[in-house]
Amino acid sequence: MIKALGYFLEIIKGGLITVRHFVTNMWFHTLKVLGLKAKRRGAVTIQYPEEKKELAARHRSLHRLLRREDGKPRCVSCLLCVTVCPSECISVEAAEDPDSEIQKVPAKFIIDLSRCCFCGFCVEACPEDAIRMDTGKIEVAEYRRADLIYDLDKLLK
Amino acid sequence: MPKIFIDDRAVEVAEGLTLLQAAESVGIPIPHFCYHPAFPPEGSCRMCLVEIEGLPKLELACSTVVKEGLRVRTMSPKVVEARKSVLEFLLAEHPLDCPICDKAGECKLQDYFEEYGLFKSQFKEAKEKREKKFKLGRNLILDRERCILCTRCVRFLNEITKTEDAGILNRGIHSEVGIFESEFIDNNYSGNLAQICPVGAITDTDFRFKTRVWFLESRESICPLCSRGCNIIMDSHAGYPRTLPTRRVYRVRARQNLDVNFHWICDYGRYGYAYLDEGREDRLVWKKGDRETRLSWDKAAQILSEKIRSLVHLRKNSRIGIVLHTNLTNEELFLADRVFRKGLGVEKLFLADPPPGKGDEFLLTADRTANRRGLQEVGLPVQAPDLKALSGLDLLLIFGHYLAAGTSPSDLKNALEKVETKALFASHKSGLDGLVDFVIPVPVIAEKNGSLTNIDGRVQPFVAGLSFAGDGIAEWRALLDLARELKVEHKYFSRLASPEAIYRALRKEIPFFK
Ligand code: SF4
Ligand code: SF4
Ligand code: SF4
Ligand code: SF4
Ligand code: FES
């Protein structure tokens, strides 16, 4: 008997906690909607996609290839990103650059994003700072798999 | 035999060896750049310094000859310090090119830096700029910034090809590898230069930028492009990463064999590997009129042996012909002899080979097939494929696609049209494909096991370095299957289930192969 009463007590306590959170959050949410006290966070669902969360500075998003000052890709086709990529999703084909200081340029550079696990190893491995994952694009979804295969032009954009 | 002490280990080594060779012979590697077993010591790189008890200074292991009682230290602190300094001096003028250098991954400078390096650069001056793309040879590019002036390339041209095209020009900081009179190095052995350059100074345009060496898997094989049978390494793509282009072999390198090709191979063999992937036969088909049916080898073997059996039954053995070639292994030629000539009493054995080329005085021979000597030693009586003799047959088994090369297409067509059944066992597509009833793809030498006899009578076994995909069958297997279907000497052939077993029989029966 005493034991059963104990259970009820806990249920009521739990209910009160829920009510307390609801009221507090509702209160701050209302204040926020009215433009008051915007700083104080209530546990509010972000209304994605209308509303977007700010990405952390080190967030890894869609890749991009960087360019040199004269507009040529920085990449020298060293294939180190290809070597390190655990998903085997990068493929690079090298070509000869007329400038003998540069020597190697990518003729093809393909990342198959349908395999990429966004580990960022390629960025770490690159000796030329030629590839970064700082575009802030996280909505990389397509209707067709083929559209997830990014080539040199798409990556240099 | 002098007894010396290397790192406190007492070893007995042959008279006349250098310390470096002596140490290597007992498994103690001494780092070096300029020493190469093919040449006398040069002593220019200073990487091989070792400490010898009783001598005040460090000595060069590559050019000090062993003497009774020498006590050598190869890893003492003094030695390590000296090697570090040597490396530091080399790197002072060396570009930071590893990411774009083809040698990276198999470069001695890189390896030794890994071992001894991590010193802080004390070099404050700017590095000297030099030419990075000098056309050194027909297919060689020299990067003068990367060159460490070991002179291996110069010595190769002086001592092996004896063309003496290059030398070290100028002095001091201006020293560089240069060419004397010719425009660039152009000989049939120039590809070896890229292989012996210990750093990435000489790169090979055939391999340049195609891939990185750590993606490659090295497999041993034998060059089948002439009768010398040079020992080679095929560097092929191992399947990782998945996304690389689907080329199988990226380069062919020489494998040391002092009895055959020393440390070298010719350019014809080095760059002639395209045949591995180009123009290959890939479908086993049976052609009836215009219709092509794909079938399995087992089925084809049944049909063929049915034809052979009925001809043999009617005592028409003389109307069966076999065309062979000398890119078949010893085992296959032996089986062809035992199955067809001894087993079935077929007398009409022909030989159709690719035409000979021009040999040189060094390795390349005029004979452009791998196993003519093997054919001689197995003792197969073969005749030239005379079209008249061919046209009088009922069944023709053609091994190799070389028959099409020597004759005019229309004559060949006329001759083969008269033959009732023709089966072609070929690795490559050719004009014969349209003239036969069965096309059966077969592996090339790099894709099967067996042995070859080179021009000097040296029997060299080899194993498959590449896999054979597609619906074909290796010739030795095909011959055994035919023997089984035809029930020729079942007891004899059933024991020969692998090239090794066939070779054992070969050794027992033919004294040459002992
Ligand atoms: S993020 Fe990781 S998985 Fe994606 S391409 Fe780079 S290395 Fe490969
Ligand atoms: S690691 Fe950098 S420079 Fe090398 S291939 Fe990849 S993107 Fe290009
Ligand atoms: S090019 Fe290579 S082999 Fe020739 S001297 Fe320079 S480092 Fe040595
Ligand atoms: S000499 Fe003959 S066997 Fe040797 S690499 Fe050249 S073609 Fe091949
Ligand atoms: S290997 Fe001895 S000096 Fe170069």
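Numbering of residues starts from 1 in each chain and follows the order in which that chain's sequence is written. Starting at A for chains and at 1 for ligands, labels are handed out in the order in which the entities are written. Side-chain atom pairs in this predicted model are given and counted only at pLDDT of 80 or more, local residue features only at pLDDT of at least 70, and totals for whole chains, interfaces and linings cover all residues. To get the side-chain values, take all heavy atoms of the structure and skip hydrogens and water.

**Student:** Outline the overall build of chain A, listing residues and values.
**Tutor:** Working definition: helices are DSSP H or I runs of at least four residues, strands are E runs of at least two. Numbering for both runs from the N terminus. Secondary structure assignment for chain A yields 4 helices and 5 strands. Mapped from its N terminus to its C terminus, chain A presents α and β elements in the order α-β-α-β-β-α-β-β-α. The quantity called the radius of gyration is restricted to C-alpha atoms. Its globule counterpart is 2.2 Å times the number of residues to the power 0.38. The C-alpha radius of gyration of chain A comes to 25 Å, more than 25% above the 15 Å expected for a compact globule of 157 residues. Principal-axis analysis of the C-alpha atoms places the extent of chain A at approximately 85 × 40 × 30 Å. Note on exposure labels: buried denotes an accessible area under 20% of the residue type's maximum, exposed denotes more than 50%, and partly exposed covers the range between, all computed with a 1.4 Å probe on protein chains only. In chain A, buried positions account for 29% of the 157 residues. At a minimum sequence separation of 6, the contacts of chain A that also span at least 24 residues come to 62%. Only the protein chains shown count as cover for residues, and all accessible areas are computed by the Shrake-Rupley method using a 1.4 Å probe. Surface exposure of chain A reaches about 11100 Å², of which carbon and sulfur atoms provide 58%. Charge assignment in this entry is limited to Lys and Arg as positive and Asp and Glu as negative, and neither His nor the chain termini are counted. Charge positions come from single atoms, namely NZ of Lys, CZ of Arg, CG of Asp or CD of Glu. For chain A, the separation between the mean place of its 26 positive charges and that of its 22 negative charges on side chains is 12 Å. Contacts: residue pairs with any heavy atoms within 4.5 Å of one another.

**Student:** Now, about the site of ligand 1: what can you tell me, with residues and values included?
**Tutor:** For this description, a residue counts as near a given molecule or strand if any of its non-hydrogen atoms is within 4 Å of it. The immediate surroundings of ligand 1 are formed by 14 residues, with Cys85, Cys116, Cys119, Gly120 and Cys122 of chain A found nearest. Polar here means any residue other than Ala, Val, Leu, Ile, Met, Phe, Trp, Tyr, Cys and Pro, which are nonpolar, and Asp, Glu, Lys and Arg, which are charged; Gly is therefore polar. In the shell around ligand 1, the residues fall into 11 nonpolar, 3 polar and no charged.

**Student:** How would you summarise the confidence of the model for chain B if you had to cite specific residues and measurements?
**Tutor:** Known as pLDDT, the predictor's per-residue confidence is scaled from 0 to 100. Summary statistics for chain B give a mean pLDDT of 93 and a share of 99% for residues scoring 70 or more. Two numbers describe this predicted complex: its pTM, 0.90, and its ipTM, 0.87.

**Student:** I'd love a proper account of a nonpolar patch on the surface, names of residues and values included.
**Tutor:** Residue and element names in this part refer to chain A. A patch consists of residues exposed above 30% relative accessible area that lack any salt bridge, with like charges linked at up to 9 Å and nonpolar side chains (Val, Leu, Ile, Met, Phe, Trp, Tyr) linked at up to 5 Å. Salt bridge, as used here, is a side-chain nitrogen of Lys or Arg placed within 4 Å of a carboxyl oxygen of Asp or Glu. Together, Phe8, Ile11, Ile12 and Leu16 make up a nonpolar patch on the protein surface, roughly 460 Å² of accessible area in all. With respect to the element layout, Ile11 can be found in helix α1 (residues 2-33). A relative accessible area of 59% places Ile11 in the exposed class.

**Student:** Describe in detail the packing of aromatic side chains, supporting the description with residues and values.
**Tutor:** Residues and elements named next belong to chain B. Under the pairing criterion, centres of Phe, Tyr and Trp rings, with the six-membered ring standing for Trp, must be within 6.5 Å; the plane angle then separates stacked pairs below 30 degrees from edge-to-face pairs above 60, leaving the rest tilted. Scanning the model with the defined rule gives 12 aromatic pairs over all chains in all. Between the aromatic rings of Phe262 and Phe362, the centroid separation amounts to 6.3 Å while the plane-to-plane angle is 5°, which identifies the pairing as stacked. Placement of the pair is Phe262 in the loop between β13 (249-254) and α6 (267-271) and Phe362 in the loop between β17 (348-351) and α9 (372-378), with a sequence separation of 100 residues. Taking relative accessible area as the criterion, Phe262 reaches 36% and is therefore assigned partly exposed. For Phe362, a relative accessible area of 26% translates into the label partly exposed. Put simply, the rings of Phe39, Phe156 and Trp264 pair up and form one aromatic cluster. To sit over a ring, a charge needs its Lys NZ or Arg CZ within 6 Å of the ring centre and within 35 degrees of the ring normal. Its end group placed over the ring of Phe207, Arg251 keeps NZ or CZ at 4.5 Å from the ring centre.

**Student:** Account for the site of ligand 3, with residues named and values stated.
**Tutor:** The full set close to ligand 3 counts 14 residues, and Cys147, Cys150, Thr151, Cys153 and Cys197 of chain B are the nearest of them. Across the shell around ligand 3, the residue classes tally to 12 nonpolar, 1 polar and 1 charged.

**Student:** I'd like a rundown of the pattern of salt bridges, residues and numbers included.
**Tutor:** A side chain of one charge can pair with a side chain of the opposite charge if their charged atoms are brought near each other. By the definition in use, this model includes 51 salt bridges over all chains. The residue Glu176 of chain B makes a salt bridge to Arg144 of chain B at a minimum N-O spacing of 3.7 Å. In this pair, Glu176 of chain B is assigned in strand β9 (residues 176-179) and Arg144 of chain B in the loop between β7 (140-142) and α4 (152-159), connecting sequence segments 32 residues apart. A residue is classified by how much of its surface remains accessible, and Glu176 of chain B, at 22% relative accessible area, is partly exposed. Shared partners join several salt bridges into a network, and the residues in it are Glu101 of chain A together with Asp97, Lys129, Lys132, Asp143, Glu145 and Arg146 of chain B.

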